[in-house]
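Structural features, examined
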Amino acid sequence: MAAIHSILIADDEPSLRHVLTVFLTEHGYEVRAVANGLEAEHELSTRQFDILISDVRMPKMEGFALIDRALALVPDLTILMMS
């Protein structure tokens, strides 16, 4: 299994984005956090991430729609969904 270096978080709750970002950064990961699926899709189209952590329910684009678009951009992306 390849090493994990960069994580993209997509969640509309600012406090959860913050906690996850702080925790993961303190454990050595490069983290980018965005507020919705459209922003996550943009990030995935502009740079490489090893993991996408996404909420199921978000404004502008829900998590399951994001999965389809994310895998179209990065077929081997690891995705973790939160509810």
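Here, the structure is the one placed above.
These numbers come from a predicted model, not from an experiment.

1. Section: the sheet that holds strand β4 (residues 78-82)
Taken in spatial order, the four strands line up as β2-β1-β3-β4 in an open sheet, and their pairing is parallel. In this open sheet, the two edge strands, each paired with only one partner strand, are β2 (30-34) and β4. Taken over all neighbouring pairs, the strand axes of this sheet differ in orientation by 15 degrees on average, direction set aside. Strand direction decides the pairing type here: strand β3 (residues 51-55) and β4, joined by five bridges, are parallel. When the sheet's bridge partners are listed, Leu-52 is paired in β4 with Ile-79. Contacts from helix α3 (residues 63-73) reach β1 (6-10), β3 and β4, with the element oriented near 175 degrees to β4.

2. Quick word on the nonpolar core
Ranked by internal contacts, the top residues of the largest apolar core, which has 13 residues, are Leu-8, Ala-10, Ala-40, Leu-44, Leu-52, Leu-66 and Leu-77. Going through the elements one at a time, β1, α2 (37-46) and α3 are the ones with two or more residues in this core. Beyond its immediate sequence surroundings of up to four residues, Leu-8 is in contact with Arg-32, Val-34, Ala-40, Glu-43, Leu-44, Phe-49, Ile-51, Leu-52 and Ile-53. In terms of nonpolar packing, the next biggest core, distinct from the first, is built from eight residues, Ile-9, Leu-20, Leu-24 and Ile-51 among them.

3. So, the pairing of β3
Among the five residues in β3, five count as buried, and that is most of the element. Neither face of β3 is exposed, since Ile-51, Ile-53 and Asp-55 on one face and Leu-52 and Ser-54 on the opposite face are all buried. Read from β3 through α3 to β4, the crossover connection turns out right-handed.

Rules of the game
Residues numbered from 1 in each chain as written. Predicted model: local features only at pLDDT ≥ 70, side-chain atom pairs only at ≥ 80, totals over all residues. Heavy atoms only, no water. Pairing = 2+ DSSP bridges. Helix = DSSP H or I, 4+ residues; strand = E, 2+ residues; numbered from the N terminus. Axes fitted to C-alpha atoms, helices over the stretch in contact; angles between N-to-C directions. Contact = heavy atoms within 4.5 Å. Core = buried A, V, L, I, M, F, W, Y, C linked by side-chain atoms within 4.5 Å. Buried < 20%, exposed > 50% of the residue type's maximum accessible area, 1.4 Å probe, protein only. Right-handed = clockwise from strand over helix to strand, strands pointing away.

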